[in-house]
Amino acid sequence: MKPAKGRYAENLATAGEAFSELAADRPELIVFPEAAFTGYFLEGAVYDLARTADAFANDLAAAWSAACGDARVDLVSGFFENAGGTFYNSAIYVRIEGSRPHVVHVHRKLFLPTYGVFDEERFLSRGRDVGVFDSIAGPAAIVVCEDAWHAVVPTLAAIKGARILIVPSASPGRGIDNGGSGELTSVTRWRNTLADTAAEHGIFVLYAGLAGFEGGKGMTGNSCVIDPWGTVLVQAPALGACIVRADLDLREVVLARANLPLLGDLRAVLPDLLLDDAWPVSRNRYDGDVSAN
Amino acid sequence: MPEPPGIDTALAAELLTEFLRDELQRRRGIDRAVLGLSGGVDSAVTAFLCARALGPHNVHAFRLPYATSSASSLDDAQLVVDATGIHCRTIEITAAVDGYLQFEPDASARRRGNVMARTRMVVLFDQSAKLDALPVGTGNKTERLLGYFTWHADDTPPVNPIGDLLKTQVWALARYLGVPEPLIEKAPSADLEAGQTDEGDLGISYARADAILDFLLLGYDDVQLAARGFELRDVRLVRRLVDATHWKRHLPTTAMLTGTAINEFYLRPVDF
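The structure presented is a predicted model; accordingly, all values stated were derived computationally and were not measured.

Asks: Sorry, what's going on with the overall build of chain A here?
Replies: Counting secondary structure elements, chain A contains 7 helices and 12 strands. Rg of the C-alpha trace for chain A: 19 Å, near the compact-globule value of 19 Å for 293 residues, within the 12% margin. Oriented by its inertia axes, the alpha-carbon framework of chain A measures out at about 60 × 45 × 45 Å. The 293 residues of chain A split such that 42% are buried. Put simply, 64% of the contacts in chain A that link residues at least 6 apart link residues at least 24 apart.

Asks: How do you make sense of the sheet that holds strand β4 (residues 133-135) of chain B when you look at a structure like this?
Replies: Within a sheet, each strand pairs with its neighbour through backbone hydrogen bonds, oriented either parallel or antiparallel. Residues and elements named next belong to chain B. Across the sheet, 4 strands lie side by side as β3-β2-β1-β4; this open sheet has parallel pairing. Of all strands in the sheet, those with a lone pairing partner are β3 (87-90) and β4, marking the two edges. Pairs of neighbouring strands in the sheet enclose a mean axial angle of 25°, with direction left out of account.

Asks: Got a minute to help me understand the confidence of the model for chain B in this structure?
Replies: It should be kept in mind that the predicted coordinates are not to be read in detail where pLDDT is low. On average, residues of chain B score 96 in pLDDT, and 100% of them reach the 70 mark or higher. Model confidence for the complex is summarised by a pTM of 0.93, with the ipTM given as 0.90.

Asks: What am I meant to see in helix α2 (residues 41-54) of chain B here?
Replies: Working note: α-helix, 3.6 residues per turn, so residues spaced by three or four point in the same direction. All names here are of chain B. With 14 residues, α2 ought to run about 20 Å at 1.5 Å a step, and its terminal C-alpha atoms sit 20 Å apart, in line with that. Within α2, 13 of the 14 residues are buried, which leaves the element mostly enclosed by the surrounding structure. At the C-terminal side of α2, glycine 55 shows a positive phi close to 90°.

Asks: It is not clear to me how the nonpolar core should be interpreted in this structure. Could you clarify?
Replies: Within soluble globular proteins, side chains that are nonpolar tend to cluster in buried spots. Residues and elements named next belong to chain B. If you look at the biggest cluster of nonpolar residues, it comprises 144 residues, and the most contacted ones within it are Val45, Ala47 and Cys50. For this core, the element with the highest residue contribution is α2, accounting for 10 residues. Ignoring sequence-local partners within four residues, the contact set of cysteine 50 consists of Leu20, Ala33, Leu35, Val59 and Val136.

Asks: Can you help me understand the interface of chain A and chain B in this one?
Replies: For interface size, the figure often reported is the accessible area lost on association. With 21 residues of chain A at the interface, the matching set in chain B holds 19 residues. Sort the elements by how many residues they give to the side of chain A that touches chain B and strand β9 (residues 211-214) of chain A lands first, with 3 residues. When its residues are assigned to classes, the side of chain A that touches chain B shows 7 nonpolar, 9 polar and 5 charged.

Asks: For this particular structure, what's the right way to read the packing of helix α1 (residues 8-22) of chain A against helix α3 (residues 53-68) of chain A?
Replies: When two helices pack together, their arrangement is given by the angle between the helix axes and by the axis-to-axis distance. Residues and elements named next belong to chain A. Between α1 and α3, whose axes approach to 8 Å, the crossing angle comes to 40°. With respect to α3, the element α1 is oriented oblique. The way α1 lies across α3 gives a crossing that is right-handed. Where α1 abuts α3, its residues Leu12, Ala15, Gly16, Phe19 and Ser20 lie against Asp59, Ala63, Trp64, Ala66, Ala67 and Cys68. Residue composition of the contact of α1 with α3, by class: 8 nonpolar, 2 polar and 1 charged.

Asks: Looking at this structure, how should I read the sheet that holds strand β1 (residues 29-31) of chain A?
Replies: All names here are of chain A. Pairing within the open sheet is mixed, and its 4 strands lie in the order β1-β2-β3-β4. Strands at the two margins of the open sheet, each flanked by one partner only, are β1 and β4 (100-108). In this sheet, neighbouring strand axes are inclined to one another by 35° on average, regardless of whether the strands run parallel or antiparallel. Summarising the sheet, strand β2 (residues 73-83) and strand β3 (residues 86-97) pair through 11 bridges and their orientation is antiparallel. Looking at β3, one finds that alanine 83 is bridged to threonine 86. Helix-sheet contacts for α3 involve β2, β3 and β4, and the interaxial angle to β4 is about 130°.

About the criteria used
Here, residues in each chain are numbered from 1, in the same order as that chain's written sequence. Chain letters start at A and ligand numbers start at 1, both assigned in the order the entries are written. Only residues with pLDDT of 70 or above have their local features reported here, since the model is predicted, and side-chain atom pairs are shown and tallied only from 80 upward, although totals for entire chains, interfaces and linings are computed over all residues. Helix and strand definitions here come from DSSP, where helices need a minimum of 4 consecutive H or I residues and strands a minimum of 2 consecutive E residues; each element is numbered from the N-terminal end. Radius of gyration here uses only the C-alpha atoms, and the compact-globule reference equals 2.2 Å multiplied by the residue count raised to the power 0.38. Here a residue counts as buried when 20 or more other C-beta atoms sit within 10 Å of its C-beta, as exposed when there are 12 or fewer, and as partly exposed otherwise, the C-beta atoms being derived from the backbone. Two residues qualify as a contact pair if the distance between their C-beta atoms, derived from the backbone, is within 7 Å. Two strands are said to pair when DSSP picks up at least two bridges between them. All axes here are fitted lines through C-alpha atoms, helices being fitted over the stretch that makes contact, and every angle between N-to-C directions spans 0 to 180 degrees. pLDDT is a residue-level measure of predictor confidence that goes from 0 to 100. Working rule for helices: expected span equals 1.5 Å times residues minus one. Joining buried Ala, Val, Leu, Ile, Met, Phe, Trp, Tyr and Cys residues through C-beta atoms within 7 Å gives a set, and that set is a nonpolar core. Polarity classes work like this: nonpolar for Ala, Val, Leu, Ile, Met, Phe, Trp, Tyr, Cys and Pro, charged for Asp, Glu, Lys and Arg, and polar for all others, with Gly in that last group. When describing relative orientation, an angle under 35 degrees is termed roughly parallel and one over 145 degrees roughly antiparallel, while 65 to 115 degrees is termed roughly perpendicular and anything else oblique. Handedness of a helix crossing follows the sense of rotation of the near helix relative to the far helix, less than a right angle counterclockwise being left-handed and clockwise being right-handed.

Here's what the structure looks like:
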C-alpha cells in the first residue's frame with residue numbers, strides 16, 4: 001500500500017481497487033501495513049485522521065463489500081485509533097461477512113519509536129499487552145513495527161499460543177552501504193529479524209510494509225511471508241505498492257516445532273528465569289558508570 | 001585512517017529516481033524540473049537523476065555564468081547536456097548582479113559570491129514559475145554539514161535528491177550514472193574566484209572530511225576518532241565547521257509567543 005498522505009477516503013478507494021483485483025480469486029486473509037490509509041508521518045494531523053476501531057472496521061467493510069459483495073474475508077490493517085480521546089498506533093483484525101464487520105482484535109503498538117526520524121510518543125499513547133486471538137487460520141497475534149524488533153514480544157505471543165504473527169509496518173529505509181547486497185541495510189535487518197523470529201518459535205510471519213516516499217523518507221515496502229522454518233516464501237520488491245500471496249499450511253508449525261522444540265523448552269524454563277533475583281531490569285538498579293568518563 | 005563510507009550506487013540511483021517521481025509527480029502533480037548546471041559533479045548527478053526520473057524532455061537546466069565564471073565550467077555543463085539530452089539555456093547573471101553591486105564597490109569576495117548565488121536562485125525560481133516546473137536542489141551532505149553554501153540560495157529548492165549523500169558518495173554515484181569523466185576528475189570549486197577550490201577553502205580534503213563525518217554524526221568524540229587514526233587537527237576542524245553552522249540547516253528562528261506557534265505547537269509534516 002502506497003497511501004496518499006492524509007487522504008483517507010482516496011486510500012480506501014485504492015484499497016477497493018485492490019479488492020476488485022482479488023475478487024476472482026479471493027484470499028481468506030488480507031493484511032495491510034501500518035498507517036495504511038493515512039500515511040505514517042502525520043505529526044499533529046494524527047488527531048484529525050484517527051478513527052475509532054468500529055468506524056475503521058465499517059469503512060473497511062464498505063470498501064470490501066463494494067468490490068466483493070457479501071463474500072467473507074478477514075482483514076488486518078494498521079490505523080491511528082481514537083479511543084475516547086486517547087490515541088494509539090493500532091492494528092485491527094476485522095472479519096467481514098455478509099457486508100457486516102466484526103472486530104475480532106485490536107492491537108495497540110507497544111513500542112513507539114521516538115528517536116532520530118521517529119516521533120511517535122510525542123503524539124500517541126502506548127499499548128499495554130500483546131493478545132492472541134482466533135484468526136481464520138488459527139491462533140494469531142498482531143505486533144506493529146518496532147514491537148517485532150524486541151524479541152520478547154513475539155516470544156510472549158508464541159508462548160501465549162500464537163501460530164501466526166502478523167506484522168503491519170512502516171519502515172523508512174536507510175543504509176546505502178550494505179556490502180553490495182543490493183538492498184538497504186534496514187531491509188536486511190528486518191528480514192533477518194523476522195526470519196529468526198519465525199524459526200525460533202516455529203510460527204508463520206506475515207509482514208506488510210508501507211510503501212512510497214513521505215517527505216523524503218522512503219518507506220521500504222518489502223512485504224513478505226515467512227514460514228515456521230524461517231524460509232521466506234514470498235517477498236515484494238522495495239518501494240512500490242504490491243500484492244503478494246502465499247498459501248499457509250498450518251501443519252508446518254507442528255513439524256517445525258517438533259524438529260526444533262525451542263518454544264517448548266522456553267515454556268519450561270521461562271518461569272525460573274523470571275523469578276531469578278539477578279534479573280536486573282526488574283529493579284532498575286544502578287550497575288555502575290559504563291560511560292567512557 | 002578509515003575510508004569514507006561506501007555506497008551501493010545502483011540502489012541509490014533507484015531510490016533517488018523513485019524519490020524524484022514521488023515528490024514531483026505524485027505529491028505535487030508536476031512533471032518538469034529546473035536546475036542550475038554549474039559544470040560541477042553535484043548538479044551533473046542531479047541532472048542525470050532528473051533525466052532518469054522524469055525523462056530528459058522534462059528537465060530544464062540553466063547555465064548561469066557571471067563575468068568571472070570560468071569558460072571550462074560552461075563547457076563541462078555542456079557535456080552533461082549532451083550526455084543526457086536535457087534542455088539547457090544560458091542566462092548571464094552579470095548585469096543583474098552588477099546592477100546591485102555597483103552600489104557596493106567594496107563588497108568582499110564572500111559577499112559578491114553570496115549575491116551571485118542568490119541571484120541564481122532568483123532566476124531558477126522565476127523559470128520554474130514560467131515553465132510550471134519545480135526547482136531541484138543540488139547540495140550534497142558534506143557541504144551542508146560544513147556550512148559550505150549560501151543560506152537561502154543553494155539550499156532553497158523544495159526537493160533535493162543528493163542532500164543525504166557525502167561528496168565522496170556523489171562521486172561514486174556520478175561514475176555509476178555515466179557523468180562525463182572531466183566533471184568527476186576536476187577539483188570541486190564554487191567558481192566564484194580564479195583558482196578557488198572547495199578543499200582549499202575548507203582546509204581539508206573531501207575524503208578525510210567524509211570519513212570523519214561518518215563517525216562524528218554517530219556521536220564519536222575526538223579521542224575515539226584520533227584512536228581510529230584520524231589527525232586531531234582534522235577532527236577539530238570538521239567538528240568546528242559542523243557546530244558553527246547548525247543554524248544554516250534550519251528555517252529562520254521565529255519568536256514563540258502563543259500556544260499555537262507554527263512548527264512548535266502546530267505540527268504538520270511537509271507533505272500533508
